[in-house]
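Coordinate inspection notes
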Amino acid sequence: MTSNPKELQEIIKDQKTSSTPDITNSSQLITADAPKEIKENAHILDDYFDAGYAYSITKLILNHINDGYFRVKFVGFDKVPERNNPDRPLIYASNHSGMAFPWDAISFVSGLFEKNNFDMKKSVRAITAPALSRSQFMNPFLIQNFWKKLGAIDATWLNYETAMHYNGSNILVYPEGVPGIGKGFNNKYTLQRLATSTLRMSIKYKTDIVPFATVNGEFINPFSYSASLLNDFVQKLGIPFLPIGFMSLLIPIQPWLFYFAFPANLTFVRGKRISPYKMIGEREIEDISEEEILALSEEIHDQMQDELNKAVKLYGRKPYDFWDLLSVSIKNVQRSFKFFPALWPIIFTKHKNDFKHLKENVNNGNYPLNAQEQLEIVQPIVDKQKDLDVSVSSVVDTIVENPEILLFYTPVAGLLHLFTSK
């Protein structure tokens, strides 16, 4: 995507526009039977979410990282899972990678979005730890509200309930929570205790859970470990955990490494659908005891652990497969350098700037609020653009426009930049 406003205007000049901004939003996709408090809370589904941004960054950046760096594979997803209950979203659930920035979630959400031909209803919006949004430096390269722009929803009980009444997409959860991603390399592929909130939602709304195993995510940041005392300290700074390992020692020298990932060959393996409401006898959630909930949670935990173990045996033998990485890089040599990790701070910032210019120049400056209309406007522009312009001159322009990028490459001072940015 070009950062030149004049070039951008040329690209979008044929785009159909209107003089009236679209005021339709996700509240219209809330089911009619939703309680009043759910309807009043529906605005959280629109807060910062931008389907056009999700499409643009997936097409211009993330799919290249997925294909050329992580070499993402989806196993068992050739047939899109259909909702058993048309009025409720499916709940996708997986293990989380240990001691790493959540690239596994970024790759799954963006990869599934593309695999489903950018159909929001067949894709997922993630229920995420509120810390990801509250802490600015937990947003990749300090891009404000990055997670929410891609559709993330803060994990509160009311927000989860609201999402269960939302017909605009399915839901993604990591039921291990923060203990899952912060469990340390010594506990790799070992599912932590599963939170029961997802189980309760599945029973209450009689919708299926679609489990999948994330393989090789543990190797995004390998040989990193967890210390409870250190984690207790950094949580006061807004960081859910701080890995102890080789890469952590280098972050003060090269702060962009905070967002770094080793080129793990990410593989997502779909498991057997789970219908907890059937397993519990189709009873209402109010009639089920806490003991029964915990017992059922353990049963689901064991199924997911067994499927994860089998997936690791099949797809985890070569977590990096450097020969495959080399082959993919050679085939895409003209563009592979554009998505080299050291350039990620510049590339993500450049896209942020470009997309801002796009929004200012479409629809007479009245960018729509409705997700489907955002997609309809952005898709042809991005498709015509085809690629992100990462030339020497565009990189220089991006740095001039955002000189703070240089702090990502500045020892110590750059680390302070992460903690003090707002």
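Residue numbering note: each chain is counted from 1, following its sequence as written. Predicted model: local features are reported for residues with pLDDT of at least 70 only, side-chain atom pairs are reported and counted for 80 or more only, and whole-chain, interface and lining totals are derived from all residues. As a rule here, side-chain values come from all non-hydrogen atoms in the structure, and water together with hydrogens is ignored.

- Named according to an unreviewed UniProt entry, the chain is Glycerol acyltransferase originating from Flammeovirga kamogawensis.

Observations regarding the pattern of salt bridges
- A pair is scored as a salt bridge if a Lys or Arg side-chain nitrogen falls within 4 Å of a carboxyl oxygen belonging to Asp or Glu. Summed over all chains, the structure comprises 15 salt bridges.
- With a shortest N-O distance of 3.9 Å, K36 and E40 are connected by a salt bridge. Remark: E40 and K36 occur in helix α2 (residues 36-40); sequence separation between them is four residues, near one turn of the helix.
- When a residue's accessible area, from a 1.4 Å probe over protein chains only, is under 20% of the maximum for its type it is buried; when over 50% it is exposed; and in between it is partly exposed. When its relative accessible area of 62% is taken as the criterion, K36 is described as exposed.
- Between E161 and K204 there is a salt bridge, with the nearest N and O atoms lying 2.9 Å from each other. Note that E161 is positioned in helix α7 (residues 157-164) and K204 in helix α9 (residues 197-205), a separation of 43 residues in sequence.
- Ionic contacts of the salt-bridge type, sharing partners, join the residues E176, K183 and E218 into one network. Here a helix means four or more residues in a row that DSSP labels H or I, a strand means two or more in a row labelled E, and each is numbered from the N terminus.

Some remarks on the environment of K313
- Summarising the element assignment, K313 is placed in helix α13 (residues 290-315).
- Note: C-alpha distance between K313 and V215 (98 residues apart in sequence) is 9.5 Å.

Here we look at the packing of aromatic side chains
- To pair, rings of Phe, Tyr and Trp, with the six-membered ring standing in for Trp, must have centres within 6.5 Å; the planes then decide the type, stacked if under 30 degrees apart, edge-to-face if over 60, and tilted in the middle. A complete count under the given rule lists 36 aromatic pairs for this structure.
- Look at F141 and Y259: their rings are 4.8 Å apart centre to centre, the planes differ by 55°, and that puts the pair in the tilted class. In this pair, F141 sits in the loop between α5 (131-134) and α6 (146-149) while Y259 sits in the loop between α11 (246-250) and β7 (267-270), placing the two residues 118 residues apart along the sequence.
- F141 sits in the buried class, given a relative accessible area of 3%.
- On the basis of an interplanar angle of 85° and a centroid distance of 5.1 Å, the ring pair of F258 and Y259 is categorised as edge-to-face.
- Site record: aromatic cluster; members linked through ring pairs are Y69, F70, F101, W103, F141, F146, W147, F258, Y259, W344, F348 and F408.
- Comment: the charge-over-ring label is applied if NZ (Lys) or CZ (Arg) is within 6 Å of the ring centre and within 35 degrees of the ring normal. Above the ring of F49, the side-chain terminus of R125 is found at 4.0 Å from the ring centroid.
- Positioned above the aromatic ring of Y53, the side-chain terminus of K149 is 5.0 Å from the ring centre.

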